[in-house]
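Notes for the structure review
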Amino acid sequence: MNTFKMLVITASMGMYSNGMAAIDVKGTISFNSQIADKNVSISERNKNYSKMDTLKSNQTIINLGGHQVPVLKGGLYDRFRSNPPLSVVEKEAPEIDLSWFKTIQKQKKEVGFTTYSPNFYYSNSSITAIYTADMTMLKKLIPAEVRDIVKPISITPGRGLVAITAYAYHYCDNDSYNELSISIVTTKPNSTNWGVFSLMKELKNKNLWGYILKLPVDTELARVRGVVGYNLPKWLIPMKYSDQGEMMKFDFYDESGKMDFSMGGKKLAIGDVQPDIVRSNFINKDRNGQLTHGYTDVRAIKKASSKKKEDVQLNLTNGPLSMFIKSLDLGKLMRYDYQPEFQAALYTPELTERSK
């Protein structure tokens, strides 16, 4: 890769990973210890949602699209089903600036269950690593119907891009949970694949596109909502999030509870940045095989980036997620992004023009 092309790619990857985080205004927020402790306790209360025989005293069962789902008793989702009054959120989490959310109007949607779009994510953290990956494998992983309209962006001959992001959703309409995303960077639908120039155009327009390969979560509520309502490849596994020490770290386990892999990112110095909204789009197939388009608007509040490979760690085993990551033949780290604070609005997918 020539020097100019490398500089262009690495300079632009930061916006891409920030945009893909959310899936994913808080203005300037002082996230003090009182709120941080509250978010940790919410995450702890949400653990072990998955099995009915582990139902806790602070959980209750709801019917969601025909699924019996444990949720936090008295939590936002138990009370409001994705449509909490912002006045309630403001009262329960007064440190959170809700000004951005006040500019967005929710709409009632039927997606296998009743919900309100977009789903609000009030306070969240993430780390993202973007690597080059084997283009032949990436093409195989995208269904033919999807590949007809979007293409993996080619960075060099035989190499595309994969974004691996770990999320901690501390406080959102469906309470709190953790998530792992593995996605392919793609072109905009029905556009020519000009490689890095296609990517630069998406970045300029702050309108990014990707195909989501894997999206495991650690609560049954997030799994059912994602699979039934958003056509996303979600399943339930145990996860652990830690923000202690010099790194933000996520541990991911297989469905039996055995360690699969961990991802850690250095806590980079945060400079003075203005919050910026980027749209992250995804194309998927619904239960009927029809193509759908969904997107997330993400506003990064605190963020920093690096190109140093030592700033991010992927510790792989022989677990299923680890083996999948190995199969992608990851190469050069193009960008690492540390995003300790962001907010997001996730919109329910709609049929593409091609499927209408």
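Residues numbered from 1 in each chain as written. Predicted model: local features only at pLDDT ≥ 70, side-chain atom pairs only at ≥ 80, totals over all residues. Heavy atoms only, no water.

Details of the pattern of salt bridges
Here is the rule we go by: Salt bridge criterion: a side-chain nitrogen from Lys or Arg within 4 Å of a carboxyl oxygen from Asp or Glu. Secondary structure follows DSSP: runs of H or I at least 4 residues long count as helices, runs of E at least 2 residues long count as strands, and numbering of each begins at the N terminus. Buried residues are those whose accessible area, probed at 1.4 Å on protein chains only, stays under 20% of the maximum for their type, while exposed residues exceed 50% and partly exposed ones sit between those limits.
Scanning the entire structure with this criterion turns up 13 salt bridges. In this structure, E145 engages K285 in a salt bridge whose closest nitrogen and oxygen atoms are separated by 3.3 Å. Of this pair, E145 sits in helix α6 (residues 144-147) while K285 sits in strand β12 (residues 276-285), and the two are 140 residues apart along the sequence. We classify E145 as partly exposed; its relative accessible area is 35%. On the basis of relative accessibility, which here comes to 29%, the residue K285 falls in the partly exposed class. Among the ionic pairs, R335 bridges to D337, the shortest N-O distance being 3.8 Å. For R335, a relative accessible area of 14% gives the class buried.

With respect to empty space enclosed by the protein
Heads up, the condition is: Two kinds of site are reported from a 1 Å grid over the protein atoms alone, namely cavities, where a 1.4 Å probe fits but cannot get out, and pockets, open sets with protein on both sides within 12 Å along at least five of seven lines, and residues are called lining when an atom falls within 4 Å of a point. Grid points are joined across faces, edges and corners, and a volume is the space filled by probe spheres set on the points.
For the largest cavity, the calculated volume is near 60 Å³. For the lining of the largest cavity, the secondary structure elements donating two or more residues are β5 (119-134) and α8 (220-230). It is α8 that contributes the most residues to the lining of the largest cavity, four residues altogether.

Some details on the environment of L141
Operational definition: When checking whether two residues touch, look at their non-hydrogen atoms; a contact exists if any pair is within 4.5 Å.
Relative to the assigned elements, L141 resides in helix α5 (residues 135-141). Considered as a pair, L141 and Y211 are 70 residues apart in the sequence and their alpha carbons are 9.4 Å apart. When near neighbours in sequence (up to four residues on either side) are disregarded, L141 contacts I184, Y211, L213, F324 and L328.

Digging into the sheet that holds strand β9 (residues 239-242)
As a reminder of what qualifies: Here a strand pair is declared whenever DSSP counts at least two bridges between the two strands. Note on geometry: axes are C-alpha line fits, over the in-contact stretch for helices, and angles between N-to-C directions span 0 to 180 degrees.
With respect to topology, four strands assemble into an open sheet ordered β9-β10-β11-β14, the strand pairing being antiparallel. Each end of this open sheet is capped by a strand with a single partner; those strands are β9 and β14 (312-316). Adjacent strand axes in the sheet meet at a mean angle of 10 degrees, parallel and antiparallel pairs treated alike. Inspection of the sheet shows strand β10 (residues 247-253) paired to strand β11 (residues 259-266) by seven bridges, in the antiparallel sense. Across the sheet, K249 pairs through a bridge with G264, a residue of β11.

A short note on the sheet that holds strand β15 (residues 333-351)
On the basis of which strands lie adjacent, the closed barrel formed by seven strands has the order β5-β6-β7-β8-β12-β13-β15 and mixed pairing. Taken pair by pair, the neighbouring strands of this sheet meet at an average axis angle of 40 degrees, ignoring direction. Seen against the sheet, helix α9 (residues 320-327) touches β6 (159-172), β7 (175-185) and β8 (207-214) and runs at an angle of roughly 25 degrees to β7.

With respect to α9
Applied cut-off: Working definition: the arc comes from the directions between the helix axis and the C-beta atoms, pointing outward to the latter.
Those residues of α9 not exposed but buried are L321, S322, F324 and I325. Within α9, the buried residues cover an arc of 160 degrees as seen down the axis, which keeps them to one side. The elements touched by buried residues of α9 are α5, β6, β7, β8, β11 and β14. Positioned one or two residues after α9, D329 has a phi angle of 55 degrees, which is positive.

Overview of the side chain of S117
Let me state the cut-off plainly: We define a polar contact as two N or O atoms separated by no more than 3.5 Å, with the added condition that, inside protein, one atom must be a possible hydrogen donor and the other a possible acceptor, whereas residues neighbouring each other in sequence contribute only through side-chain atom pairs.
For S117, the location among the structural elements is in strand β4 (residues 114-117). Assessed through its relative accessible area of 5%, S117 is described here as buried. A distance of 3.1 Å separates the side chain of S117 from the backbone nitrogen of T348, its partner in a polar contact. Residues in contact with S117, not counting those within four places in the same chain, are Q105, K106, Q107, K109, L346, Y347 and T348.

Structural notes on the side chain of D173
Tracing the backbone through its elements, the reader meets D173 in the loop between β6 and β7. In this structure D173 comes out as buried when scored by relative accessible area, which is 0%. Engagement of the side chain of D173 in a polar contact is seen with the side chain of Y122, the distance being 2.5 Å. If near-sequence neighbours (up to four positions away) are discounted, D173 is found in contact with L76, Y77, S82, P84, K106, P118, N119, F120 and Y122.

Examining the nonpolar core
The condition is simple: We call a set of buried residues a nonpolar core when its members are Ala, Val, Leu, Ile, Met, Phe, Trp, Tyr or Cys and they connect through side-chain atoms within 4.5 Å of each other.
Residues I127, I164, L180, I182, F252 and M263 are the most contacted members of the largest nonpolar core, which totals 38 residues. Excluding its chain neighbours within four sequence positions, the residues that come into contact with I127 are I164, T165, A166, M248, F250, M263, G264, G265, Y336, D337 and Y338.

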